[in-house]
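Below are the chains, spelled out letter by letter.
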Amino acid sequence: MQSLPTRSSAKGNTFTVADFYEAGREALSLTLVAGAENLNRKIEEPIVNRPGLALTGFYEHFAWDRLQIFGNAEMTYLDSLDDVTRHERMKALLDRKAFCFIFTCGRQPKASETAFAVKAGAVLLSTPMTTSAFMHHCAFVLEKLGAPTTSIYGTMVEVCGLGVLFEGDPGLGKSETALGLVKRGCALVADDLTCIRKDVGNNILFGSASAATAGFMEIRGIGIMHIPSVFGVCAVRGEKHLELIITFKRLDDVKGEIDRIGQTRRVKNILGVDVPNVVIPVSAGRDLVNLVETAAMQQKLIMSGYDPVQELSERLRKRADIMQFDKKEKSKRKGKRNG
């Protein structure tokens, strides 16, 4: 599986205030009050903080590396202070490296505060949202921006409700298989290049297409297709939980590798998450669409707790026990007759 280089690390994806502003401009109704020249500041910890205690003069454990939220409570307290004290309290936050102030409920800082905040390298943002609503939605924006990510060469389709990623060498039929599945009622997630995002809290992966190629597919001999225009809007998905990876390999390349019984459960590790993996040999005449659909249905069965290999093994064991018992009984009856 070939991955592209990203800005992700073991702790997640690194991003700046500019990235946050672009992601939250519509989702969080953010407007830039001042500090456009400071938007390249890196967000060290993707969490928000209400600096109520710090504004009172208590700075121990002040979370300077978080986004500072000024709601009605903080602004009402600042309004109760004289201008000199208010200036000192705001300046104290900046002296302790606070770098991004977000004013909720449509509140705005004073012009004097804006000037020295920008001079100190901070960014000031504002939103009409209430503080509680903003903090709730902001957590999702920050989690998505900070999540570990990677990009993988492969095609992803929703099959039988599962997010299935196809990988393999070029020319093995990944896009053609995806097209056949879409015609059967499945949905395309991404073609050729799949963006993977890790949900750290739940330790699961989500796949999506890049913003530039979402909804498009390339089919050799036909060219570029826009799937929603051809098959309808229900034939695409924006993002899907990745639950199965299917590796296409040429038949000559898998000799001795395939477990014909399926007793060995293969996995592939992406961003620290193990994803079930199935290898399907590709050769002339093989119905890959049918095989992929069946593999997805089989995986759903396994996820529900049913193991067909174990079930067959148990049946064969019981049958062997019955045959052994019958053999002993016949031997006993034969001994009695001879006696």
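It should be noted that the structure appears before, not after, this text.
Let us look at the structure shown here. (Residues numbered from 1 in each chain as written. Predicted model: local features only at pLDDT ≥ 70, side-chain atom pairs only at ≥ 80, totals over all residues. Heavy atoms only, no water.)

### Focus on the nonpolar core
Link 1 in the chain: Membership of the largest hydrophobic core comes to 27 residues, with the highest contact counts inside it found for Val157, Val164, Phe166, Leu181, Ile246 and Phe248.
Link 2 in the chain: Of all the secondary structure elements, the ones that give two or more residues to this core are β10 (155–159), β11 (162–168), α7 (174–183), β15 (216–219), β17 (239–250), β19 (273–282) and α9 (288–303).
Link 3 in the chain: The element contributing the most residues to this core is α9, with five residues.
Link 4 in the chain: If we skip the residues at most four places from it in the chain, Leu181 touches Val157, Val159, Phe166, Cys186, Val289, Val292 and Glu293. (Core = buried A, V, L, I, M, F, W, Y, C linked by side-chain atoms within 4.5 Å. Buried < 20%, exposed > 50% of the residue type's maximum accessible area, 1.4 Å probe, protein only. Helix = DSSP H or I, 4+ residues; strand = E, 2+ residues; numbered from the N terminus. Contact = heavy atoms within 4.5 Å.)

### A closer look at the packing of aromatic side chains
Link 1 in the chain: By the definition in use, this model includes three aromatic pairs.
Link 2 in the chain: On the numbers, 5.2 Å between centres and 55 degrees between planes, the contact of Phe70 with Phe101 is tilted. Residue Phe70 is found in strand β6 (residues 67–70), and its partner Phe101 is found in strand β7 (residues 100–103); the two are separated by 31 residues along the sequence.
Link 3 in the chain: Among the residues examined, Phe70 registers a relative accessible area of 0% and is labelled buried.
Link 4 in the chain: According to the relative accessible area criterion, Phe101 is buried, its value standing at 1%.
Link 5 in the chain: Where Phe166 meets Phe248, the ring centres are 5.6 Å apart and the plane angle is 25 degrees; that geometry is what we call stacked. (Phe/Tyr/Trp six-rings, centres within 6.5 Å; stacked < 30°, edge-to-face > 60°.)

### Describing the pattern of salt bridges
Link 1 in the chain: Considering all chains together, one arrives at 16 salt bridges under this definition.
Link 2 in the chain: Here Glu74 ties to Arg50 by a salt bridge, and the two come within 2.8 Å at their closest N and O atoms. Linking Glu74 in helix α3 (residues 72–79) with Arg50 in the loop between β5 (48–49) and α2 (52–55), this pair joins segments that are 24 residues apart in sequence.
Link 3 in the chain: The class of Glu74 is buried, set by a relative accessible area of 6%.
Link 4 in the chain: Between Glu143 and Arg197 there is a salt bridge, and its shortest N-O distance comes to 3.4 Å. Of this pair, Glu143 sits in helix α6 (residues 131–146) while Arg197 sits in strand β13 (residues 193–199); the two residues are 54 residues apart in sequence, bridging distant segments of the chain. (Salt bridge = Lys/Arg side-chain N within 4 Å of Asp/Glu carboxyl O.)

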